[in-house]
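Read off the chains here:
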Amino acid sequence: MTYISEITNVMEYEALAKEKLPKMVYDYYASGAEDQWTLQENRNAFSRILFRPRILRDVSKIDMTTTVLGFNISMPIMIAPTAFQKMAHPEGECATARAASAAGTIMTLSSWATSSVEEVSSTGPGIRFFQLYVTKHRNVDAQLVKRAERAGFKAIALTVDTPRLGRREADIKNRFVLPPHLTLKNYEGLYIGKMDKTDDSGLASYVANQIDRSLNWKDVKWLQTITSLPILVKGVLTAEDASLAIQYGAAGIIVSNHGARQLDYVPATVMALEEVVQAAKGRVPVFLDGGVRRGTDVFKALALGASGVFVGRPVPFSLAVDGEAGVRKVLQMLRDEFELTMALSGCRSLKEITRNHIVTHWDTPGAVARL
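Residues numbered from 1 in each chain as written. Predicted model: local features only at pLDDT ≥ 70, side-chain atom pairs only at ≥ 80, totals over all residues. Heavy atoms only, no water.

A.B. asks: For this particular structure, what's the right way to read the environment of Ala-268?
C.D. replies: Looking at the element boundaries, Ala-268 is found in the loop between strand E9 (252–256) and helix H11 (269–280). For the pair Ala-268 and Asn-42, spaced 226 residues apart in the sequence, the C-alpha separation amounts to 4.4 Å. Discounting residues that sit within four places of it in the chain, Ala-268 has contacts with Glu-41, Asn-42, Ala-45 and Asn-257. (Helix = DSSP H or I, 4+ residues; strand = E, 2+ residues; numbered from the N terminus. Contact = heavy atoms within 4.5 Å.)

See below:
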């Protein structure tokens, strides 16, 4: 078995987490929808982007700092919302919040967290976003958004790709349900039903009963009437929807396929990224969520026009292995790899990372020949 001190890259946490976690929990975090083609593609697509490094550029000083919605962060690497983190570690989302704060970056808390917005806020200072699923109970959603605002959260990440839950066959086989000692903390005391054992995935049944399938663009406007926080639309994969998101007042766009857990055979997020960036035309920042496991991935996303990336699965995996210290190490390894990639590509600041630093297999025929 690999000892924690010997971990040299983010991927190693997944194998260790698999050894440590109950099968139902590991499968919930690790699996994707149906054939899991998009799950593999989220990683594989990065390998079809190669570097065009520039040399002799004096990289003695590297600046990775950036701003997101006006907030200063240490690097363009942030934490995506992942549900049920106390299944991985007793401190769950609170440990993740502390790790993000220590790294000087943003954590996004899931609606389906096993720690409440108030508990996460009480861990100390930090820049935090709140991810929202819109339910059939709009008054509950409004209360939750107001609580997040009061707790000092700085933006709402509205997830828009889940009118129904994708078919996650591992969860169906395992009859996935939240372990009995855990609850959806943000909904405690607000009766909107609970996740029961079923002959299927308990989560899929819960979502079918709770999530509002009628969610549409007008609801982005509705959300703006109940909060002054900026709204990021999470789950955009096309130019058309990027344009609509901006038209309806989004402050930013997160290119995401929900960790390949919704519709299988959609493109990898890094393949969809450039189309969305071009449609946004610089009017709002575009972020990438999905498949990031290396600092090289971060550089590639920025070269394609992303303002930053969100990291998902490595968080619960590292939490399971080593709690807060594991999440800190994931963020540190990604930071170190990204800094090295910048140096070896001849980039001293984020603004120096350009499309000319990479070549992709979906470029011009000449570029494909070069690969």
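A.B. asks: Help me understand the UniProt feature "active site" (unreviewed entry) in the chain in this model?
C.D. replies: According to UniProt, the feature "active site" (unreviewed entry) maps to His-258 in the numbering used here. Examined against the element boundaries, His-258 turns out to sit in the loop between E9 and H11. The residues contacting His-258, other than those within four sequence positions of it, are Tyr-133, Thr-159, Asp-161, Thr-162 and Arg-168. (UniProt positions renumbered as here; feature names shortened; annotations may be inferred.)

A.B. asks: Would you mind going over the pairing of strand E6 (residues 128–132) with me for this structure?
C.D. replies: Where a strand is regular, its side chains alternate between the two sheet faces. Buried residues dominate E6, accounting for five of its five residues. Where burial is concerned, the two faces of E6 agree: the one with Arg-128, Phe-130 and Leu-132 and the one with Phe-129 and Gln-131 are both buried. Relative to E6, strand E5 (residues 107–109) is paired through three bridges, and the arrangement is parallel. Looking at the pairing, Thr-108 lines up with Phe-129 of E6. (Buried < 20%, exposed > 50% of the residue type's maximum accessible area, 1.4 Å probe, protein only. Pairing = 2+ DSSP bridges.)

A.B. asks: Explain the side chain of Arg-168 to me, please; I cannot follow it from the model alone.
C.D. replies: Among the secondary structure elements, Arg-168 is positioned in the loop between strand E7 (155–159) and helix H7 (169–174). In this structure Arg-168 touches Tyr-28, Gly-32, Ala-33, Leu-203, His-258, Arg-261 and Gln-262, once residues within four positions along its chain are discounted.

A.B. asks: Would you mind going over the packing of helix H4 (residues 92–103) against helix H13 (residues 314–345) with me for this structure?
C.D. replies: How two helices sit against one another is set out by the angle between their axes and by the gap between those axes. Relative orientation of the contacting elements H4 and H13 amounts to 15 degrees, with a least axis distance of 8 Å. What the angle tells us is that H4 and H13 run roughly parallel. Considering the relative orientation of H4 and H13, their crossing is left-handed. Contacts between H4 and H13 involve Gly-92, Ala-95, Thr-96, Arg-98, Ala-99, Ala-100, Ala-102 and Ala-103 from the former and Val-315, Leu-319, Glu-324, Val-327, Arg-328 and Leu-331 from the latter. The class makeup of the residues in the contact of H4 with H13 is nine nonpolar, two polar and three charged. (Axes fitted to C-alpha atoms, helices over the stretch in contact; angles between N-to-C directions. Parallel < 35°, antiparallel > 145°, perpendicular 65-115°, else oblique. Left-handed = near helix turned anticlockwise from the far one by under 90°. Nonpolar A, V, L, I, M, F, W, Y, C, P; charged D, E, K, R; others polar.)

A.B. asks: Could you clarify how one ought to interpret the environment of Asp-289 in this entry?
C.D. replies: By the element assignment, Asp-289 lies in strand E10 (residues 286–289). For the pair Asp-289 and Thr-238, spaced 51 residues apart in the sequence, the C-alpha separation amounts to 14 Å. Beyond its immediate chain neighbours, meaning those up to four positions away, Asp-289 contacts Ala-80, Lys-234, Ile-254, Val-255, Ser-256, Asn-257, Thr-269 and Phe-310.

A.B. asks: What is the right way to read the packing of aromatic side chains from this model?
C.D. replies: The description of two aromatic rings rests on the distance between their centres and on the angle between their planes. Scanning all chains against the criterion turns up 13 aromatic pairs. Where Tyr-28 meets Phe-176, the ring centres are 4.6 Å apart and the plane angle is 15 degrees; that geometry is what we call stacked. With Tyr-28 in helix H2 (residues 23–30) and Phe-176 in the loop between H7 and helix H8 (202–210), this pair connects stretches of sequence that are 148 residues apart. Take Phe-176: its relative accessible area is 0%, and that puts it in the buried class. Plain terms: the ring middles of Phe-130 and Phe-153 are 6.2 Å apart, the flat faces sit at 85 degrees to each other, and that makes the pair edge-to-face. Taken together, the positions of Phe-130 in strand E6 and Phe-153 in the loop between helix H6 (138–150) and E7 put the pair 23 residues apart, joining distant regions of the chain. In terms of burial, Phe-130 and Phe-153 fall into one category: buried. Among the aromatic residues, those joined into a ring-pair cluster are Tyr-26, Tyr-28, Tyr-29, Phe-84, Trp-112, Tyr-133, Phe-176 and Phe-317. One cation-aromatic arrangement involves Arg-138 over Trp-222; the distance from NZ or CZ to the ring centre is 4.8 Å. Above the ring of Tyr-28, the side-chain terminus of Arg-261 is found at 4.7 Å from the ring centroid. (Phe/Tyr/Trp six-rings, centres within 6.5 Å; stacked < 30°, edge-to-face > 60°. Lys NZ or Arg CZ within 6 Å of the ring centre and 35° of its normal.)

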